[in-house]
Amino acid sequence: MKIGVADTTFARVDMARFAVDTIKNNSNAKIARYTVPGFKDLPVACKKLIEEDKCDIVIALGMAGQKPIDKQCAHEAAMGLQAVQLMTNKHILEVFVHMDEAKTEKEIYNIAKNRAEKHALNALALLKGKTSLAKYAGMGRRQGKQDEGPIKA
Amino acid sequence: MKIGVADTTFARVDMARFAVDTIKNNSNAKIARYTVPGFKDLPVACKKLIEEDKCDIVIALGMAGQKPIDKQCAHEAAMGLQAVQLMTNKHILEVFVHMDEAKTEKEIYNIAKNRAEKHALNALALLKGKTSLAKYAGMGRRQGKQDEGPIKA
Amino acid sequence: MKIGVADTTFARVDMARFAVDTIKNNSNAKIARYTVPGFKDLPVACKKLIEEDKCDIVIALGMAGQKPIDKQCAHEAAMGLQAVQLMTNKHILEVFVHMDEAKTEKEIYNIAKNRAEKHALNALALLKGKTSLAKYAGMGRRQGKQDEGPIKA
Amino acid sequence: MKIGVADTTFARVDMARFAVDTIKNNSNAKIARYTVPGFKDLPVACKKLIEEDKCDIVIALGMAGQKPIDKQCAHEAAMGLQAVQLMTNKHILEVFVHMDEAKTEKEIYNIAKNRAEKHALNALALLKGKTSLAKYAGMGRRQGKQDEGPIKA
Amino acid sequence: MKIGVADTTFARVDMARFAVDTIKNNSNAKIARYTVPGFKDLPVACKKLIEEDKCDIVIALGMAGQKPIDKQCAHEAAMGLQAVQLMTNKHILEVFVHMDEAKTEKEIYNIAKNRAEKHALNALALLKGKTSLAKYAGMGRRQGKQDEGPIKA
């Protein structure tokens, strides 16, 4: 198995390192890396990782600023990532952190680390098959913060 | 007939169970399951259910948070589901619940259950042909809450 | 000539009836019908009417609620309809009514009827060729309400 | 060379006339016309002008109302026009006028005329090659109103 | 190597000049130029630069006005640029400047210059391979203004 890890120079946290470490600590998967300027450059990078480097799944890591235009750009990147997945039939786990998710830089750092690590584990689970995550269906799992858990009936 | 049921670990209600039970109680259709982390992972999962598992229709179940960014993500997932349908000529019934649809967790639970069950029945109806729902055309049917009914002329 | 008529069980007015009656009263065109749960199910239905039923044009009728999320869903449906048209080189006339277009149910009913009827006539005109509507170019025509007419130079 | 001119019956100004007159006064290009109900019908019309009528470029003229839903519809039409250009490798010059661009009908009329005429000239320039507009690069040219001109360093 | 430089007559700064000068001062890459009226004309121009002129990467330079409709148009252009990248597997570096990014024309000029130059260097880096920017991953690099730098753990 080969996992693509695509990240940006725009981000203020080296999120790829957390993803790579988690993959290495939990699998023997090969890793292909691609670093681009910003998250709008990620979709074609992910497509190239899948098509040129034969990655089976990709983790796309990016960080968004606080302004409305940043949300718009995140949307454009996310739409691109949707398209790549449908063109290749491969999952791309979008690991985006928004600077307005927290009030301090330390919190942003922790969100970025937690989200990257948990989605790296999600990538490994998805590689095992369509039902490997079924035991957690509807369990209110979160990446970047604590799980919310299921609503009691 | 084979029905795909795609759901998420993000959701706080096990909506797939309601859909699966309804399908089993009302048909002999086979079911293929796919669980992914969040609803933005659903489009490619649905495409794989259709193309790899030969599903004739898919029910895509997810839950969205309350923040503006959650609406944006729901939009991205929904656009992906549109694209998959047009790439495969198969229906995907989008069963999304928004956490701001109700004030209590109990209400959210009931909306999720009602919406999943009713759309499972819609899926069975659509499998019967293009006019099987025609008798309900313009009747103000709702999923997740009570029907509004038709406007009197 | 064959005209597809796609509508929903969500709508609170049987808009398809107005479209079908108008087509029958003004042409010998064949009609193929497809009823789906909501307007987000319309794009793939329209594509199937064009590809499976060989329709030359489709009228897609739907109704949208009053909340922001309803506008977002209408946008998703509309984007899907755009894609189908470009994939098939066939027109799809989008006949959507928004519940906030009027204050009373009676007005909504009248808008729905007027819009469905006028767009059925537009469909017949478009089937006659690229310039059959040219005499009305820039004339401020409206569906669902009275024409606004051209601006005087 | 053949230029497509697509317009609508919704618009309140016969913008196509201005475009056609400008083309005729400045070139020997052939013109193919297509009139549709509203601007959301323009993308497939433009695609048909390119594919069926072999147009080398298309001018798409439309007018948008003042409400938020009108902006949303303009966005849908614009996204469709983007898709057609990428499917055909032909330019489509979008000449849309928004009713909230001016306070009087007379101003709207003048904007529509000026924008249609200037974009007709742009179409002729683009047909001459990739660098025919390079001398105006960064010059703050506007259609529908006066040029803003370049910012002084 | 060949680099496409696509720009507009709408912009009020000749951003292409900064990009071209930076490329020439730092490489022997060939340059193909394409100037269009506005940034919504850029996507098809970039696609033609890649497909007709065999460019390996494209820099797309544009400027957006201050009104909400301008943001919407920027979004449409950006979505088009995403699509082109996925259709061609080539990067397109989007170098857009928004007129509301600064209060004075001088600042806008400096942002435009800085952003164009830095993205020209990014283009050269991306041409060297998938990991040539990896040393800057998560370093908070910015184009158009000073780098923000990484968040300290």
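Residues numbered from 1 in each chain as written. Chains lettered and ligands numbered in written order. Predicted model: local features only at pLDDT ≥ 70, side-chain atom pairs only at ≥ 80, totals over all residues.

S.K.: Help me understand the interface of chain B and chain A in this model?
M.R.: Accessible area lost on assembly of the parts is the figure often given for the size of an interface. Taken together, the contact between chain B and chain A spans 32 residues of the former and 27 residues of the latter. If you list the elements that add at least two residues to the side of chain B that touches chain A, you get helix H1 (15-26), strand S2 (30-36), helix H2 (42-51), helix H3 (68-88) and helix H4 (105-127) of chain B. In terms of residue count, the dominant contributor to the side of chain B that touches chain A is H3(B) (eight residues). Its residues placed into classes, the side of chain B that touches chain A shows 17 nonpolar, four polar and eleven charged. (Contact = placed C-beta atoms within 7 Å. Helix = DSSP H or I, 4+ residues; strand = E, 2+ residues; numbered from the N terminus. Nonpolar A, V, L, I, M, F, W, Y, C, P; charged D, E, K, R; others polar.)

S.K.: Help me out: how do you make sense of the relation of the copies chain E and chain A in this one?
M.R.: Both copies of the chain are related through a single rotation about an axis accompanied by a shift along the same axis. Superposing chain E onto chain A takes a rotation of 72° plus a shift of 0.0 Å along the axis, which leaves an RMSD of 0.0 Å. Here the copies are linked by what is in effect a five-fold axis. Looking at chain E, a mere 4% of its interface residues are interface residues in chain A too, so the copies touch through different faces. (Least-squares fit on C-alpha atoms with pLDDT ≥ 70 in both.)

S.K.: Is there a simple way to think about the sheet that holds strand S1 (residues 2-8) of chain A in this case?
M.R.: In sheet architecture, strand pairing relies on hydrogen bonds along the backbone and comes in two forms, parallel and antiparallel. Residue and element names in this part refer to chain A. If you trace the four strands from one edge of the open sheet to the other, you get S2-S1-S3-S4, paired in parallel fashion. Since the sheet does not close on itself, it has two edges, and those belong to strand S2 (30-36) and strand S4 (92-98), each with one partner. For this sheet the average axis-to-axis angle between neighbouring strands, irrespective of direction, equals 15°. Bridge analysis of S1 against strand S3 (residues 57-64) gives four bridges, and the strand direction is parallel. Following the sheet pairing, Gly 4 is matched in S3 by Val 58. The strands that helix H4 (residues 105-127) touches are S1, S3 and S4; relative to S4, the one it contacts most, it runs at about 170°. (Pairing = 2+ DSSP bridges. Axes fitted to C-alpha atoms, helices over the stretch in contact; angles between N-to-C directions.)

S.K.: Would you mind going over H3(B) with me for this structure?
M.R.: Because each turn of an α-helix spans 3.6 residues, side chains separated by three or four positions end up pointing in the same direction. The first and last C-alpha atoms of H3(B) sit 31 Å apart over 21 residues, in line with the 30 Å expected at 1.5 Å per residue. Note on H3(B): the residue one or two positions beyond its end, B:Asn89, has a positive phi of about 55°. (Expected span 1.5 Å × (residues − 1).)

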